[in-house]
Amino acid sequence: MSTQTTNAGAHGPDPVARRMIAANLAVVGLVLLLMMLFGILMRMAQGGWLTINDDLFYQFLTIHGTGMVGLAALGGVSVMWNFASHYMQVNGKVLVANFFLFLIGVVLILAAIFWGGYGGAWTFLYPLPAISGGIWSAGAAFWYLLGLLLVGVGILLVCLELGRGIITTFGGLASGLGWPYLFGMKNAVVPPKVIVATSMSVIVTTLAIIGGAVVIVLSLVNLMVPSFAFDPLWAKNIIYFFGHTIINATIYMTVTAVYSILPEYTNRPWQTSKIFVASWMGSTIMVLVIFPHHLLMDFAMPTWAMVMAQILSYTNSFPVMIVTGFGAVALVHRSGIRWDMASGLLFLSVFGWMAGVVPAVIDATIVVNSVMHNTLWVPGHFHFYLLLGMIPMVLGFMFHSTRDRGEGTVGHVSVKWMVPVYAVAGLGFVTMFLLGGANSVPRRWAVHLAEWMVYDQWAAVFAIIVTLMATLFVLRYLARLPRYLAATD
Ligand code: HEM
């Protein structure tokens, strides 16, 4: 006998959390625009439309990667907190601590990059931070890594508080994931979809951040005491465990917006089922062990790890994506849904997530990977599900939270056009990365050959359109925010 939980009598974010979520999303919106600008500058430089020196290109690459991953995590935990707190009590003051750790971390990171010249990319691959060939100092690498650590600790605090809430309300993380219900245990509670997704995100993000923090701390010691060394292959494994898991987890966090908002629009319930719980169970385990698909080119890795990475990369994403994708389509089909900014962006996000995984799975195939992994194919796949999947989930939540129906015009153009234009330009942008990759254009090269530039130039044009749309989305959100906060006080 199982009982389906509802959110009757639940609280939603407390007043402190409501303000912090709004503040976080305002920061996410503004940082997103700034990082997009750095992205455009890189694409224009690769396309020969802009001359910047190579060191500056790698500083842009570092700030863009770090900033985008950081804002994805901040946006992810904010959206997840908002919906999870409808089912349990969590202390909003943790979001205040996270906010300040994030800001201090960002200041250190910006100073290390633009003042200290650090350009070793957000993947801080040991021992690169310490051996810059004279381009940046050990001090710059130190402050960069310390900044990253502070941002990570802030996100970790949020995950621990959400984990505490799940344990006290649902009796444990396994119950939050719905395992007792899945295995037919007596009196098992059926957790809401949001709690299943939150439990999974909390588990995998906590483990990922702890792994990343260990390597960062060791790297900090290495920067202070250069004779202290550790195994670079081990470090690479842990770093990719951290990086791959955390950026994936941001989508699992923000999908809580899809699970919560789409049913409101369609007036249809979207209940938790055993297939849903089983899919999330599979992904919880697999997302933690598939990271070696980033190391398929490292000949020193054991063969079993590579084979496992390939097979599990095929199976990891599909269960959750399929239950979410089919669920969303079934929910919307003939529902008479009202299409506006929030519903449009959320539906786009499900498409972006599902479609973006296809090139990822192709890249995880060993024979393809050994040719494609260091090409623009890889930024092609992750920009696909981040730009057209994760970011629209956050933007959709922004519009929903400020009750913005997307009415009115910008100049003479109806606001309703903004989502389709963002979608088409976004598709164009990621297609240029994928085409570049399919034609063997290497990734992370500041300077491109003339025959590659056509992809870069089209990408720059599409990116400018995407950024213009994103600017309008964010400005609209910021303009409505004070009224929304005053109304909910
Ligand atoms: C207008 C939108 C965007 C533009 C123009 C853009 C542009 C770029 C460019 C040019 C690169 C370097 C590609 C190379 O290896 O040569 C890059 C890398 C990257 N981008 Fe974006 N991007 C955009 C949006 C995003 C979004 C929304 C995210 C995540 C939320 C993101 C995350 C990343 C990451 C993690 C990297 C890898 C950095 C590295 O290789 O160290 N980008 N982007």
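Residues numbered from 1 in each chain as written. Predicted model: local features only at pLDDT ≥ 70, side-chain atom pairs only at ≥ 80, totals over all residues. Heavy atoms only, no water.

> Even after reading the chapter, I still don't get the overall build of the protein chain, so can you show me in this structure?
Counting secondary structure elements, the protein chain contains 15 helices and four strands. Taking 489 residues into account, the globule formula puts the C-alpha radius of gyration at 23 Å, and the protein chain, at 22 Å, falls close to it. For the C-alpha atoms alone, the extent of the protein chain along its principal axes is close to 60 × 55 × 45 Å. Taking all 489 residues of the protein chain together, the buried fraction comes to 61%. Considering only contacts in the protein chain between residues 6 or more positions apart, those separated by 24 or more positions represent 83%. Per element, the accessible surface of the protein chain, about 19,400 Å² overall, is 71% carbon and sulfur. Of the side chains in the protein chain, 20 bear a positive and 14 a negative charge, and the two mean positions are spaced by 14 Å. (Helix = DSSP H or I, 4+ residues; strand = E, 2+ residues; numbered from the N terminus. Rg over C-alpha atoms; globule rule 2.2 N^0.38 Å. Buried < 20%, exposed > 50% of the residue type's maximum accessible area, 1.4 Å probe, protein only. Contact = heavy atoms within 4.5 Å. Areas by Shrake-Rupley, 256 points an atom, 1.4 Å probe, with all protein chains shown as cover. Lys, Arg positive; Asp, Glu negative; His and termini not counted. Charge placed at Lys NZ, Arg CZ, Asp CG, Glu CD.)

> Mind showing me how you'd approach the coordination of the iron atom of the ligand here?
The expected angle between donors at a tetrahedral four-coordinate metal is 109.5 degrees. At an octahedral six-coordinate metal it is 90 or 180 degrees. Taken together, the protein donors to the iron atom of the ligand comprise His-64 (NE2) and His-383 (NE2), at separations of 2.0 Å. Here the iron atom of the ligand is ringed by six donor atoms whose angles at the metal span 87 to 180 degrees, and the overall shape comes out octahedral. Placement of His-64 in helix 2 (residues 54-84) and of His-383 in helix 13 (residues 377-401) is noted, with a sequence separation of 319 residues between them. (Donors = N, O, S within 2.8 Å, 3.2 Å for Na, K, Ca; no water. Tetrahedral: all angles 85-135°; square planar, octahedral: opposite > 155°, others 65-115°.)

> Just checking my understanding: could you explain the pattern of salt bridges for this structure?
Charged atoms that come close allow side chains of opposite charge to pair. Evaluation of the coordinates by the stated rule reveals four salt bridges. The residue Arg-164 makes a salt bridge to Glu-161 at a minimum N-O spacing of 2.8 Å. Pair noted here: Arg-164 and Glu-161 are both in helix 4 (residues 138-170), with a separation of three residues, about one helical turn. Here Glu-161 falls in the buried class, since its relative accessible area comes to 9%. Across the pair Asp-404 and Arg-476 runs a salt bridge whose closest N-O atoms are separated by 2.8 Å. You can see Asp-404 sitting in the loop between helix 13 and strand 3 (409-410) and its partner Arg-476 sitting in helix 15 (residues 453-488), a full 72 residues away along the chain. (Salt bridge = Lys/Arg side-chain N within 4 Å of Asp/Glu carboxyl O.)

> So what exactly am I meant to see when it comes to the site of the ligand here?
In the vicinity of the ligand lie 24 residues, with Gln-46, His-64, His-383, Arg-443 and Arg-444 positioned nearest. Within the side chain of His-64, one N or O atom sits 2.8 Å away from a nitrogen atom of the ligand. No other element matches helix 1 (residues 15-46), which puts six residues into the shell around the ligand. Counted by class, the shell around the ligand contains 16 nonpolar, five polar and three charged residues. (Near = heavy atom within 4 Å. Polar contact = N/O pair within 3.5 Å; in protein donor to acceptor, adjacent residues only side chain to side chain. Nonpolar A, V, L, I, M, F, W, Y, C, P; charged D, E, K, R; others polar.)

> Would you mind showing me how to read the nonpolar core here?
The nonpolar side chains of soluble globular proteins are, as a tendency, buried together. Grouped together as the largest cluster of nonpolar side chains are 169 residues, with contacts concentrated most on Trp-280, Trp-353 and Phe-473. In terms of residue count, helix 8 (residues 232-266) provides more of this core than any other element does, 19 residues in total. Beyond its immediate stretch of four places on either side in the chain, Phe-473 contacts Met-341, Leu-345, Leu-395, Phe-399, Met-418, Val-419 and Tyr-422. Formed by five residues, the second largest nonpolar core is a distinct cluster that contains Tyr-181, Leu-182, Ala-188 and Val-277. (Core = buried A, V, L, I, M, F, W, Y, C linked by side-chain atoms within 4.5 Å.)

> I would appreciate a short explanation of unusual backbone geometry in the present structure.
A cis amide bond links Tyr-126 to the next residue, Pro-127, at an omega of 5 degrees. You can see Pro-127 is positioned in the loop between helix 3 (93-115) and helix 4. At Ala-121, a residue that is not glycine, the phi angle is positive and equals roughly 70 degrees. Relative to the helices and strands, Ala-121 is located in the loop between helix 3 and helix 4. The backbone of Arg-334 shows a phi angle near 50 degrees, a positive value even though the residue is not glycine. One can find Arg-334 in the loop between helix 10 (303-332) and helix 11 (341-363). Arg-334 gets classed as exposed once you look at its relative accessible area, which sits at 75%.

> Sorry, what's going on with the packing of helix 2 against helix 8 here?
Running from amino to carboxyl end, helix 2 crosses helix 8 at an angle of 35 degrees, the nearest separation of the two axes being 8 Å. When you trace helix 2 past helix 8, the crossing you get is left-handed. Two secondary-structure elements touch here, helix 2 through Val-69, Ala-72, Ala-73, Gly-75, Gly-76, Val-77, Val-79, Met-80 and Phe-83 and helix 8 through Ile-246, Ile-247, Thr-250, Met-253, Thr-254, Thr-256, Ala-257, Ser-260 and Ile-261. Its residues placed into classes, the contact of helix 2 with helix 8 shows 12 nonpolar, six polar and no charged. (Axes fitted to C-alpha atoms, helices over the stretch in contact; angles between N-to-C directions. Left-handed = near helix turned anticlockwise from the far one by under 90°.)

> Where do I start with the packing of aromatic side chains in this structure?
Each pair of aromatic rings is reported with the distance of its centres and the angle of its planes. Considering all chains together, one arrives at 27 aromatic pairs under this definition. Relative to Phe-462, the ring of Trp-458 lies with its centre 6.0 Å away and its plane at 35 degrees, an arrangement referred to as tilted. Here the residue Trp-458 and the residue Phe-462 both occupy positions in helix 15, the gap between them amounting to four residues, near one helical turn. You can call Trp-458 partly exposed: its relative accessible area is 48%. (Phe/Tyr/Trp six-rings, centres within 6.5 Å; stacked < 30°, edge-to-face > 60°.)

> Please clarify how the side chain of Thr-198 should be interpreted in this entry.
Topologically, Thr-198 is positioned in helix 7 (residues 193-224). Using a relative accessible area of 0% as the deciding quantity, one classes Thr-198 as buried. Excluding residues that lie within four positions of it along the chain, Thr-198 makes contacts with Met-80, Ala-84, Leu-162, Ile-166 and Thr-256.

> Help me out: how do you make sense of helix 2 in this one?
The α-helix advances 3.6 residues per turn, and as a result positions three or four apart in sequence lie on the same side. A rise of 1.5 Å per residue sets the reference length of helix 2, with its 31 residues, at 45 Å; its end C-alpha atoms lie 44 Å apart and thus fit the reference within 8%. Burial analysis of helix 2 places 27 of its 31 residues in the buried class, the great majority of the element. N-capping of helix 2 is provided by Asn-53, with a side-chain oxygen placed 2.9 Å from the backbone N of Asp-55. (Expected span 1.5 Å × (residues − 1).)

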